[in-house]
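Residue-level structure breakdown
Each chain is listed here by its residues.
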Amino acid sequence: MKGKLIVFEGTDGSGKATQAKLLFQRMFARGLSCREIDFPRYGNPFAAPVERYLRGALGNHPGDISAYASSTFFAVDRFASYKEDWGSFYEAGGIVVANRYTTSNAVHQAPKLPASERLEYLDWLFDLEYHRLGLPAPDLVLYLDMPYEVSEKMLRHREQETGANADIHEQDGGYLRRCREAARDIALRYGWNVVDCAAGDAPRLPDDIHRQVAALVKNTLGLSI
């Protein structure tokens, strides 16, 4: 009996890691068999091409590498993670909470293409990962929608707190804007659940967002959380 796969998606700075952690902790506390996973898997050899791409080793701007080429970097990391780490748990009926998944390629790579070519790319992407590579499709995608101006502030605050250097996606404000614009259309087309994460020009409190997320998970998947 296969399990459930719940995916948190959104542009950079939208709070995906926080919401994935809160949902995992909630389900674990209620005795559900669950795991939390995160992509890309920095430090894992299978994620090395992803890291080099994001650090600018293959080009200083996201558009320097085609949507198709960069998508394969991320897909290989996911395939390896499924085989190495969480696949058997999921196949045995476990619940997997993912911070990013195939959906991240959709959000961050489709905007590199003209609007007229994006649907062809998305068909290719989902066929590659869900059929040819055999990765499970999500049972629920929660798209955390944060206005660019708000997420930009959160990104810069995170950089100051952690000292981490921004990757080539995070450095390009115009690219992040295009990602959000494209993502809202993609979410509508594929039936993702959109969670508005800002009230005006300020982010909503994480616990407030979490309550909405928990209700969506309960109502959509019928989980006792």
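Every value quoted in this text rests on a predicted model; they were computed, and no experiment measured them.

Parameters at a glance
Residues numbered from 1 in each chain as written. Predicted model: local features only at pLDDT ≥ 70, side-chain atom pairs only at ≥ 80, totals over all residues. Heavy atoms only, no water. Pairing = 2+ DSSP bridges. Helix = DSSP H or I, 4+ residues; strand = E, 2+ residues; numbered from the N terminus. Axes fitted to C-alpha atoms, helices over the stretch in contact; angles between N-to-C directions. Contact = heavy atoms within 4.5 Å. Buried < 20%, exposed > 50% of the residue type's maximum accessible area, 1.4 Å probe, protein only.

In this section: the sheet that holds strand 2 (residues 34-38). Across the sheet, which stays open at both edges, the five strands sit in the order 2-3-1-4-5 with parallel pairing between neighbours. At either margin of the open sheet sits one strand with a lone partner, and together these are strand 2 and strand 5 (193-196). With direction set aside, neighbouring strand axes in the sheet form an average angle of 20°. For strand 4 (residues 140-145) and strand 5, the ladder comprises four bridges, and the chain directions are parallel. Each bridged residue has a counterpart across the sheet, and for Leu142 the counterpart in strand 5 is Asn193. Running over the sheet, helix 7 (residues 173-190) touches strand 4 and strand 5 and is turned about 145° from strand 4.

This part covers the pairing of strand 3 (residues 95-99). With five of five residues buried, strand 3 is to be regarded as a mostly interior element. Covered by surrounding structure in strand 3 are Ile95, Val97 and Asn99 together with Val96 and Ala98, the residues of both alternating faces. Relative to strand 3, strand 1 (residues 4-10) runs parallel, the two sharing five bridges. Of the residues in strand 3, the one forming a bridge with Phe8 is Asn99. Direction of pairing for strand 2 relative to strand 3: parallel, over a ladder of five bridges.

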